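# A closer look at the structure
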Amino acid sequence: MESYLNQNFDVKAKHSSEEALEKWRNLCGVVKNPKRRFRFTANLSKRYEAAAMRRTNQEKLRIAVLVSKAAFQFISGVAPSDYTVPEEVKAAGFNICADELGSIVESHDVKKLKFHGGVDGLACKLKASPTEGLSTTDPSHLSQRQDLFGINKFAESELKSFWLFLWEALQDMTLMILGVCAFVSLVVGIATEGWPKGSHDGLGIVASILLVVFVTATSDYRQSLQFRDLDKEKKKITVQVTRNGFRQKMSIYELLPGDVVHLGIGDQVPADGLFLSGFSVVIDESSLTGESEPVMVNAENPFLLSGTKVQDGSCKMMVTTVKLNGVATIIGKIGLFFAVVTFAVLVQGMFMRKLSMKTHWIWSGDEALELLEYFAIAVTIVVVAVPEGLPLAVTLSLAFAMKKMMNDKALVRHLAACETMGSATTICSDKTGTLTTNHMTVVKSCICMSVQDVANSNGGSLRSEIPESAVKLLVQSIFNNTGGEVVVNKLGKTEILGSPTETAILELGLSLGGRFQEERKSCKVVKVEPFNSTKKRMGVVIELPEGGGRLRAHTKGASEIVLAACDKVVNSSGEVVPLDEESVNYLNVKINEFANEALRTLCLAYMDLENGFSPDEAIPASGFTCVGIVGIKDPVRPGVKESVELCRRAGITVRMVTGDNINTAKAIARESGILTDDGIAIEGPVMARSSPMDKHTLVKQLRTTFDEVVAVTGDGTNDAPALHEADIGLAMGIAGTEVAKESADVIILDDNFSTIVTVAKWGRSVYINIQKFVQFQLTVNVVALIVNFSSACLTGDAPLTAVQLLWVNMIMDTLGALALATEPPNNELMKRLPVGRRGNFITNAMWRNILGQSVYQFIVIWFLQAKGKSVFGLDGPDSTLMLNTLIFNCFVFCQVFNEISSREMEEIDVFKGILDNYVFVVVISATVFFQIIIIEFLGTFASTTPLTLVQWIFSIFIGFLGMPIAAGLKTIPV
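Please read these numbers as outputs of a predicted model, since none were measured by experiment. Sequence order sets the numbering: in each chain, residues are counted from 1 along the sequence as written. In keeping with the model being predicted, local features are shown solely for residues with a pLDDT of at least 70 and side-chain atom pairs are shown and tallied solely at 80 or more, while totals for entire chains, interfaces and linings include all residues. Side-chain measures were taken over the full set of non-hydrogen atoms in the model, leaving aside hydrogen atoms and water.

Our focus in this paragraph is the overall build of the protein chain. Secondary structure elements follow DSSP: runs of H or I no shorter than four residues count as helices, runs of E no shorter than two count as strands, and numbering proceeds from the N terminus. Secondary structure assignment for the protein chain yields 35 helices and 24 strands. Think of it in three bands: with a 1.4 Å probe and only protein chains considered, a residue is buried below 20% of the maximum accessible area for its type, exposed above 50%, and partly exposed in between. Classification of the 974 residues of the protein chain by burial places 52% in the buried group. When the accessible surface of the protein chain is split by element, carbon and sulfur atoms take 59% of a total near 42,800 Å². The accessible surface values rely on the Shrake-Rupley method and a 1.4 Å probe; as for residues, cover is taken only from the protein chains in view.

Dropping the structure here:
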């Protein structure tokens, strides 16, 4: 069956074609309650509508922007209209209101901006400082600002009430039909037998329907609350903000107009605002306008819109405005066939009986009720046959795993990612911050052609070994050519802000006696080219402090790339000399030596621009003078080697993909346990020194060879989207930039490779939990269908009534899903080989267990039908009712003990860890409790009668006997 589905429909976990989804949806045309069934699957018609609406809105927005620009160009010669500050704003001490601020940025109104005195003028009117940020020493002032300008949150959509979920659950077609049956039963029963005797059957069905509906609605409502909590977690974003003169991390929800926000590559603009300062800022506005062409933002075009992304460069902005499924369907169709045939057989038997009695033209009320009961049984068979609990079990298991993984520092953004991770056969991991601690320090250097061990020396001794002219060059390069910053925090202590690499280099500059603020103030920055994964270097052009307009370019980056751009070097005397072949070979040897010690190497170089330079030009790519090479240590995280070994034992191959030097990559890979004696390291475009597109190509190639490929990256605008487009099974991102987070299916919040292994374990748990539930549910399906069908064919009667079948449906659907779908993972899961995409979901072991249990239960029930009365000495008018009650009780207890057996599909010990899952214990206890209530106290409604102690013991024994049979079945090899 699965191979047929795979061959004919090819529906993937993600990136399925519209044609495949449409074909699948057409096959699933006849289902119970499609609105509920397909709640978490793609709604194709709505998708088309949304796409069309998105295109229309983007076009409208694009036209609006163009029209507004044209209008402002037209009126640019006209003086701006007088602006009157509202009294409440003026009373609060501000000179501009939220509406005016919003109109400036949203309309890109340069004229209005100039009218208000530019960015500095607006800052003054907002009582803010472009350098110090907002002052929040007075809490009342902060709340006053919030009241006037709002908070940085969208109005959240109202949570669907419980009653709406109740209404959705009532939309189930089979429950509607049963409701009609109950109504007719009530009318006919009361008309023929009077009140209350004639209402019992009808009210029994009504009570069962209400119970099913309430349990279903409660389960769905709880899921919606869980997903809402997870959605809030996904929206938690922090940004770097300067407030009270100090740079600090802050939630975007706390931002207010006047705040100074620091943005870099990969960041999302958290609110509407204006550019204060920065270099080479390129913004991707496609999410708002639909235009793929990036926008340059600078002092002439200072407008930044909320939700857009920083594609290149870095800047400071001032905030101005804040924002107020296949198996189930096929089984269902089989059940529908059995229901129709069962109804036909029962009706045919009734007609034959009446024909033999010559009463086929005469119909009594009791016979009408009997016909109605037959119809209700047929409809209930459909209820039991369609595994409504399967999508519920999948969603419950995934939601449960998502919630638990949050505690393990993994945020799952897409439900299917949990299951996909469980099938992973290959993990392609980034190095920095995932396999390593991302806490870097300079431990070795080769400055002025002389090697120094920085780790074992203090700054003074290192400085004494370097010529003074070279120290000045080095400090100038470190403090000007950086994306980091050295600040004084609230406690008066020096603090370094920036990426781990920048922090390590800045620490070296401070140890050499450099003063960050003094150095930055002494030089005027002319142009900055930030680091990105393609160029693998960054550069800056500065105007030197000596006067005369002399310009100098500094560059730093991957050692072999920057060294190749050099034709001169600073020697041990501090003199600039030509970089001959011998010097190049010497430096390359040092680079390889550092790399072999698992050090990340960076080369620092400079060039005096004698012929002038325009900010519109690119920084030269050659002609530099090499100052030195530094080796940065980024230790491997504790536990990584053990986690990699655990992956290997679990059949998951770990590959490291990094932009580092080949020797650095090999050293880290060996230390992590990834590169073994028989392993290989690939250089160039594919593994070490790989670009984002190389990683994209690699993952694509692996995807054709292996089942599920998981890619892990912490990079921003480049790696994450490239890997996401490679149609990998799963994209993981460490908690880096917002672009990396958006492109990832799972976000590793603690940047730890061990967490990835935990996610894999949870993924396998989800997959196996769903398999357990399917095994349990299919057993109930098979037995319930065959028992009622065969009994109807052979005896003309069905032993299980509509109300009883609805209770069985409750046990195997909602309660079964709750019990089996919430099993926590265990360490044994990582000792099995992965299933992979090509593995069958319903395994041979599952079919063995399903068929074995089904045969046992069918034999028991058939024996009771044939010999039950004589074995238990049942006679009299209530003997049939007593026997059917006993059959019903045995059937339910078979399911209770089969549910326990289903906790393990291969292992015989099914009680291991059972008390750790309190949900399972509660469900089993509740099932037994309500079964006693139904048998002993609800006989009139459920068509049961109280049983003797012997009959209760027999029922429990028959159910329990299924457990050793299940254990015996597990010893049969398949």
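So, next bit.
Moving on, we come to unusual backbone geometry. Glycine aside, a negative phi is what most residues show, and trans is what most peptide bonds show. Residues other than glycine seldom take positive phi values, yet cysteine 448 does so here, at roughly 55°. Tracing the sequence through the fold places cysteine 448 in the loop between strand 10 (441–447) and strand 11 (450–453).

Attention now moves to the nonpolar core. Trp807, Phe888, Phe891, Val892, Ile900 and Phe920 are the most contacted members of the largest nonpolar core, which has 49 residues in total. Every element with two or more residues in this core is listed here: helix 29 (753–795), helix 30 (802–820), helix 31 (844–872), helix 32 (879–901), helix 33 (918–937) and helix 35 (949–970). For this core, the leading source of residues is helix 32, giving 13 residues. In what follows, residue pairs with any heavy atoms lying within 4.5 Å of each other are defined as contacts. Excluding its chain neighbours within four sequence positions, the residues that come into contact with phenylalanine 920 are Ala819, Leu820, Glu823, Glu899, Ile900, Arg903 and Ile914. Buried Ala, Val, Leu, Ile, Met, Phe, Trp, Tyr and Cys residues form a nonpolar core when they are joined through side-chain atoms within 4.5 Å. Formed by 45 residues, the second largest nonpolar core is a distinct cluster that contains Phe400, Met405, Phe753 and Ile850.

In this structure's numbering, the residues bearing the UniProt feature "transmembrane region" (unreviewed entry) are residues 173–191, 203–221, 326–351, 371–401, 846–864, 879–897, 918–943 and 949–969. Note that residues 846–864 is 100% helix and 0% strand, and that its end C-alpha atoms are spaced 27 Å apart. Along residues 949–969 one finds 100% helix and 0% strand; the C-alpha atoms at either end are 31 Å apart. UniProt positions are given in the numbering used here, feature names are shortened, and annotations may be inferred rather than shown by experiment.

Moving on: the side chain of threonine 501. Examined against the element boundaries, threonine 501 turns out to sit in helix 20 (residues 500–511). The class of threonine 501 is buried, set by a relative accessible area of 16%. In the analysis that follows, any N or O atom pair within 3.5 Å is treated as a polar contact, provided that within protein one partner can donate a hydrogen and the other can accept it, and provided that, for residues neighboring in sequence, both atoms belong to side chains. In this structure the side chain of threonine 501 is engaged in a polar contact, spanning 3.2 Å, whose partner is the side chain of arginine 600. Each residue touching threonine 501, except ones within four places of it in the same chain, is listed here: Met440, Arg600, Leu602 and Ile632.

All right, on to the pairing of strand 7 (residues 309–321) then. Criterion used throughout: strands pair if DSSP finds at least two bridges between them. Note that strand 3 (residues 260–263) and strand 7 share four bridges and pair antiparallel. The partner of valine 261 across the bridge, within strand 7, is methionine 317. Bridge count for strand 4 (residues 272–284) against strand 7 is ten bridges, and the pairing is antiparallel. Bridge assignment links glycine 278 to a residue of strand 7, and that residue is cysteine 315.

Turning to the packing of aromatic side chains, a few remarks are in order. Stacked, tilted and edge-to-face are the three classes applied to pairs of Phe, Tyr and Trp rings, where Trp contributes its six-membered ring and a pair requires centres within 6.5 Å; stacked means planes under 30 degrees apart, edge-to-face means over 60, and tilted covers the rest. Per the stated rule, a full pass over the model turns up nine aromatic pairs. On the basis of an interplanar angle of 70° and a centroid distance of 5.6 Å, the ring pair of phenylalanine 162 and tryptophan 163 is categorised as edge-to-face. Judged by relative accessible area, which is 60%, tryptophan 163 ranks as exposed. Ring geometry for phenylalanine 929 versus phenylalanine 930: centroids 5.4 Å apart, planes at 75°, classification edge-to-face.

To continue, consider the packing of helix 23 (residues 581–596) against helix 25 (residues 662–672). Running from N to C, helix 23 and helix 25 point in directions that differ by 15°, and their axes come no closer than 7 Å. Classified by the angle between their axes, helix 23 and helix 25 sit roughly parallel to one another. Helix 25 is crossed by helix 23, and the crossing has right-handed handedness. On helix 25, the residues that touch Asn592, Ala595 and Asn596 of helix 23 are Asn663, Thr664 and Ala667. Each residue gets one of three labels, nonpolar for Ala, Val, Leu, Ile, Met, Phe, Trp, Tyr, Cys and Pro, charged for Asp, Glu, Lys and Arg, and polar for the others, Gly among them. Of the residues assigned to the contact of helix 23 with helix 25, the class counts are two nonpolar, four polar and no charged. For helices, the axis comes from a line fit to the C-alpha atoms of the stretch in contact; other axes are also lines fit to C-alpha atoms, and the angle between any two N-to-C directions lies between 0 and 180 degrees. Working definition: roughly parallel below 35 degrees, roughly antiparallel above 145 degrees, roughly perpendicular at 65 to 115 degrees, and oblique for all remaining angles. Crossing chirality is assigned from the near helix's rotation relative to the far helix, an anticlockwise turn below a right angle marking it left-handed and a clockwise turn marking it right-handed.

This next bit is on helix 9 (residues 139–149). Burial in helix 9 covers these residues: His141, Arg145 and Phe149. Projected down its long axis, helix 9 carries its buried residues within an arc of 50°, all on one side. In helix 9, the exposed residues that point more than 90 degrees away from the buried face are Pro139 and Asp147. Structurally, helix 9 contributes buried residues whose contacts are with helix 6 (98–106). Positioned one or two residues after helix 9, glycine 150 has a phi angle of 90°, which is positive. It is the directions from the helix axis to the C-beta atoms whose arc is reported.

This next bit is on the confidence of the model for the protein chain. Looking at the protein chain, the pLDDT average stands at 77 and 70% of residues meet or exceed 70. Ignoring residues within four places in sequence, the model shows residues 75–79, a span with pLDDT below 50, making two contacts including any to other chains. Here pLDDT means the predictor's own confidence in every residue, given as a number from 0 to 100. Low pLDDT, under 50, characterises residues 702–708; the stretch is placed with 28 contacts to residues that sit more than four places away or in other chains.

Looking at where lysine 772 falls in the secondary structure, it is placed in helix 29. Only four residue types enter the charge count, namely Lys and Arg as positive and Asp and Glu as negative; His and the chain termini do not. Salt bridge criterion: a side-chain nitrogen from Lys or Arg within 4 Å of a carboxyl oxygen from Asp or Glu. One buried charged residue, lysine 772, remains without a salt bridge, the closest side chain of opposite sign being glutamate 823 at 4.5 Å. Polar side-chain contacts of lysine 772 include one of 2.9 Å to the backbone oxygen of arginine 903.

Moving on, we come to the packing of helix 32 against helix 35. Helix packing geometry: the angle between the two helix axes and the distance between the axes. At their nearest, the axes of helix 32 and helix 35 sit 8 Å apart, and the two run at 35° to each other. You can see that helix 32 and helix 35 cross each other, and the crossing is right-handed. Residues Met882, Leu886, Asn889, Cys890, Phe893, Cys894, Phe897, Ile900 and Ser901 of helix 32 pack against Gln951, Trp952, Phe954, Ser955, Ile956, Ile958, Gly959, Phe960, Met963, Ala966 and Lys970 of helix 35. Looking at the contact of helix 32 with helix 35, its residues break down into 14 nonpolar, five polar and one charged.

Attention now moves to the environment of arginine 228. Residue placement: arginine 228 occurs in helix 12 (residues 200–234). Sequence separation between arginine 228 and leucine 159 is 69 residues; the distance between their C-alpha atoms is 8.5 Å.

With that settled, the discussion passes to helix 23. A helix is expected to span 1.5 Å for every residue after the first. Taking 1.5 Å of rise per residue, 16 residues should cover 22 Å, and helix 23 covers 22 Å from first to last C-alpha, within 8% of that figure. Residues of helix 23 that are buried: Ser583, Leu587, Lys590, Ile591, Phe594 and Ala595. One side of helix 23 holds all its buried residues, which, seen down the axis, span an arc of 135°. Relative to its buried face, helix 23 has exposed residues pointing more than 90 degrees away, namely Glu581 and Glu582. At the exit of helix 23 stands alanine 598, carrying a positive phi of roughly 65°.

This part is about the pattern of salt bridges. Here the structure, examined in full by the defined rule, presents 17 salt bridges. As a salt-bridge pair, aspartate 567 and lysine 568 come within 2.9 Å of each other at their nearest N and O atoms. The class of aspartate 567 is partly exposed, set by a relative accessible area of 38%. The partner of arginine 649 in a salt bridge is glutamate 645, with the nearest N and O atoms 4.0 Å apart. Pair noted here: arginine 649 and glutamate 645 are both in helix 24 (residues 640–649), with a separation of four residues, about one helical turn. Put simply, Arg550, Arg552 and Asp608 are held in one network by salt bridges that share partners.

This brings us to the environment of leucine 506. Among the structural elements, leucine 506 can be located in helix 20. The sequence separation of leucine 506 and valine 442 amounts to 64 residues, and the corresponding C-alpha distance is 9.7 Å. Ignoring sequence-local partners within four residues, the contact set of leucine 506 consists of Ile478, Phe479, Thr482, Gly484, Glu485, Val486, Ile496, Leu497 and Phe516.

Now for a nonpolar patch on the surface. A contiguous nonpolar patch, built from Trp163, Val206, Leu210 and Phe214 and spanning about 400 Å² of accessible area, is present on the exposed surface. When residues of the nonpolar patch are assigned to their parent elements, the largest contribution, three residues, is made by helix 12. Note on patches: the residues involved have over 30% relative accessible area and no salt bridge, like charges join within 9 Å, and the nonpolar side chains Val, Leu, Ile, Met, Phe, Trp and Tyr join within 5 Å.

It is worth spelling out the environment of asparagine 781 at this point. Mapped onto the elements of the fold, asparagine 781 is located in helix 29. Considered as a pair, asparagine 781 and valine 808 are 27 residues apart in the sequence and their alpha carbons are 9.8 Å apart.

Looking now at the state of the cysteines. Throughout, a disulfide means two cysteine sulfur atoms within 2.5 Å of one another. Following the criterion strictly, the structure yields zero disulfides and no others. Cysteine 603 takes part in no disulfide bond, and the closest cysteine sulfur, belonging to cysteine 626, lies 3.8 Å away.

A few words now on the pairing of strand 15 (residues 537–543). Where burial is concerned, most of strand 15 is hidden: six out of the seven residues are buried. As paired elements, strand 14 (residues 524–529) and strand 15 share five bridges and run antiparallel to each other. Paired with lysine 524 across the strands is glutamate 543, a residue of strand 15. Direction of pairing for strand 15 relative to strand 16 (residues 551–558): antiparallel, over a ladder of seven bridges.

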